[in-house]
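# Structural overview for review
What follows is the residue order along each chain.
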Amino acid sequence: SGGLTKRGNKRHGTACLSPLPGVSAGNGCGHTLLTPHSGTLSSKNYPGTYPNHTMCCWRLQAPPGTSLLLAFGDVDLEPSEHCAHSSLLLADPQTGTAYGPYCRNSVPSAPLLVTNSSTVTVLFNSTSHRSGRGLLLSYATSQHPGTHYTQEHVSPDPPLTLCFSVYCPAGCKDIHGDIWGNPSQGYRDTSVLCKAAVHAGVIADELGGQVTLSREKGITLYESAFANGLHSKRGSLSEKRLVFHKVCCLLSPACDDVLEVVAFNASSWWHEVDALGQDRAWVAERAALSTAGHSWAAEPSTEAAWLELDLGTRRNVTGIITKGSSEQHDYYVTSYHVSSSRDGKNWRPYRGSSGQEDKEFEGNADSHGEVSNAFIPPIVTRYIR
């Protein structure tokens, strides 16, 4: 703690006892994802009413030589004199400067706060109150000045079909707001942009990143899809839509075409004999997504079943689409891990952009719908398991 110089309103106070960089502390913390380059944080229950008598302290730490940019997505704290009952206070421990306190009768003067510091402490406090959504903040560093943060609309509106680029912070996946559409059709322009970018597989939620997209003419109906851990909604006609691009303004066929599988292999396969004594072989070759009829299935008693795909040569693998059996048997895989090998003998588990733990992908919730997951970063390999 220490004395703080207030900017904007008169305020002298103390900062919270800061946790370690990139860590939150307190019983009032909501959705939080903090990385050195960007992040998203909110109060508990946001956008519902925040709890009474609670606090949360977040310490944001950017790389040396950079400064932090903070965007106030929403600050709705019950008003009181000098924001004494519920407040948001930001402190720069390097210069002793404070910003706030903020509440409903003392809101930030601008939606974006540009600091001159690589370290900022964010303190949220509440006492007894009746209303208020709480707060939603995002941040990035001075390396990414074009950050989009959590706005739901593209502003100012760029011309139709013209590509533009924004930087989406980490943690957009779990913020409040809806998306309509899917990667192939595009998204209704009222969708939460950065959340749609995660759904489209152009960024990983745990890292955020630069996104290139264009505004195209809207379509009559947007179909829903489950992709990269997010459900999109089915939506009606819109004047404009958002289309995400993986490489500048031109979608690279190498990134979107289905890769040819030379051979399938599996830990086991199910030899079914039905009530009439007829055989049905659920062999590995039936795992191809385009196969009509029954799919591959492991022997029912198999533990740690796996399916292996040989691509014939090393390829750049950017994602995977899975589907259930689509047969009288209601079979589907709810989650899975992915490993890769260049020689078919030595296998490396896929850990995604975080690189800390083997990534568990969310699979299907029924036997007929398709679910896609992106590999960020892509896998360069011949064998996938």
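First, a word on scope: everything that follows refers to the structure included in this document. These numbers were taken from a predicted model, which means no experiment stands behind them.

### Some points on the packing of aromatic side chains
Within this structure, the stated rule accounts for 11 aromatic pairs. Consider the rings of Tyr-187 and Phe-244, whose centres lie 5.7 Å apart with planes at 70°: the pair is edge-to-face. On the criterion of sequence distance, the pair formed by Tyr-187 in strand β14 (residues 186-188) and Phe-244 in strand β18 (residues 240-245) is long-range, its members being 57 residues apart. On the accessibility criterion, Tyr-187 (1% relative accessible area) is buried. Among the residues examined, Phe-244 registers a relative accessible area of 8% and is labelled buried. One aromatic cluster in this structure is built from Tyr-336, Tyr-350, Phe-361 and Phe-375. Just above the ring of Trp-306 sits the side chain of Arg-385; from NZ or CZ to the centre is 3.7 Å. Taking the ring centre of Trp-347 as reference, the NZ or CZ of Arg-385 above it sits at 4.2 Å.

### Side note on the sheet that holds strand β6 (residues 68-76)
Strand pairing within a sheet occurs via backbone hydrogen bonds; the two strands may be parallel or antiparallel. Judged by pairing direction, the sheet is antiparallel, and its 5 strands sit side by side in the order β3-β4-β11-β6-β9 without closing on themselves. For this open sheet the edge positions go to β3 (29-34) and β9 (112-114), each flanked by a neighbour on one side alone. Across the sheet, the mean angle from the axis of one strand to that of its neighbour is 15°, orientation sign disregarded. Pairing of β3 with strand β4 (residues 38-43) involves 4 bridges; the strand directions are antiparallel. Across the sheet, the residue bridging to Cys-29 is Ser-43, located in β4.

### Description of unusual backbone geometry
With an omega of 5°, the peptide bond between Tyr-46 and Pro-47 qualifies as cis. Within the element layout of this structure, Pro-47 appears in the loop between β4 and β5 (54-61). Between Gly-100 and the following residue, Pro-101, the backbone shows a cis peptide bond with an omega angle of 0°. For Pro-101, the position within the fold is in strand β8 (residues 97-102). Of note, the phi angle at Asn-45 is positive, near 75°, even though the residue is not glycine.

### Section: the nonpolar core
In terms of nonpolar packing, the biggest core is built from 26 residues, with Trp-58, Leu-60, Leu-70, Leu-88, Leu-90, Val-122 and Leu-137 touching the most fellow members. Counting residues per element, the ones that place at least two in this core are β3, β5, β6, β7 (86-92), β8, β10 (119-126) and β11 (134-141). If we skip the residues at most four places from it in the chain, Leu-88 touches Phe-72, Val-75, Leu-77, Tyr-99, Gly-100, Pro-101, Tyr-102, Val-122, Leu-123, Leu-135 and Leu-137. In terms of nonpolar packing, the next biggest core, distinct from the first, is built from 18 residues, Ala-196, Ile-203, Leu-230 and Leu-242 among them.

### Structural notes on the environment of Gly-186
In this fold, Gly-186 is placed in strand β14. The buried category is assigned to Gly-186, whose relative accessible area is 2%. Sequence separation of Gly-186 and Gly-218 is 32 residues, and the distance between their C-alpha atoms is 9.0 Å. With near-sequence residues (within four places) excluded, Gly-186 lies in contact with Trp-180, Gly-181, Tyr-222, Leu-242 and Val-243.

### Some points on the side chain of His-245
Relative to the helices and strands, His-245 is located in strand β18. A distance of 2.9 Å separates the side chain of His-245 from the side chain of Ser-214, its partner in a polar contact.

### As for the sheet that holds strand β15 (residues 209-217)
The sheet built from 5 strands is open, its strands ordered β12-β15-β18-β14-β13 with antiparallel pairing. For this open sheet the edge positions go to β12 (163-168) and β13 (181-182), each flanked by a neighbour on one side alone. As paired strands, β13 and β14 are joined by 2 bridges and run antiparallel to one another. Along β14, the bridge assignment pairs Asn-182 with Gly-186. Packed onto the sheet, helix α1 (residues 193-200) meets β12, β13, β14, β15 and β18 and runs at close to 50° relative to β18.

The rules behind the values
- Once a new chain begins, its residue numbering starts again from 1 and follows that chain's sequence as written.
- Local features are withheld for residues below a pLDDT of 70 in this predicted model, meaning they are given only at 70 or higher, and side-chain atom pairs are given and counted only at 80 or more; totals for whole chains, interfaces and linings count all residues.
- As a rule here, side-chain values cover all heavy atoms of the structure and leave hydrogens and water aside.
- The criterion for an aromatic pair is that two Phe, Tyr or Trp rings (for Trp, the six-membered ring) have centres within 6.5 Å, with stacked assigned to planes under 30 degrees apart, edge-to-face to planes over 60 apart and tilted to the rest.
- By the criteria applied, helices consist of DSSP H or I runs no shorter than four residues and strands consist of E runs no shorter than two, each listed in order from the N terminus.
- Residue exposure (1.4 Å probe, protein chains only): buried if accessible area is under 20% of the type maximum, exposed if over 50%, otherwise partly exposed.
- The criterion is that NZ of a Lys, or CZ of an Arg, lies within 6 Å of the ring centre and within 35 degrees of the ring normal, and then a charge sits over that ring.
- The rule for pairing is simple: two strands pair if DSSP sees at least two bridges between them.
- Throughout, an axis means a line fitted to C-alpha atoms (over the contacting stretch in the case of helices), and angles, computed between N-to-C directions, take values from 0 to 180 degrees.
- We call a set of buried Ala, Val, Leu, Ile, Met, Phe, Trp, Tyr and Cys residues a nonpolar core when their side-chain atoms join them within 4.5 Å.
- Two residues qualify as a contact provided that any one of their heavy atoms is within 4.5 Å of a heavy atom in the partner residue.
- Whenever a nitrogen or oxygen atom comes within 3.5 Å of another N or O atom, the pair is scored as a polar contact, on the condition that within protein one atom can donate a hydrogen and the other can accept it, and that pairs from neighbouring residues in sequence are kept only if both atoms are in side chains.

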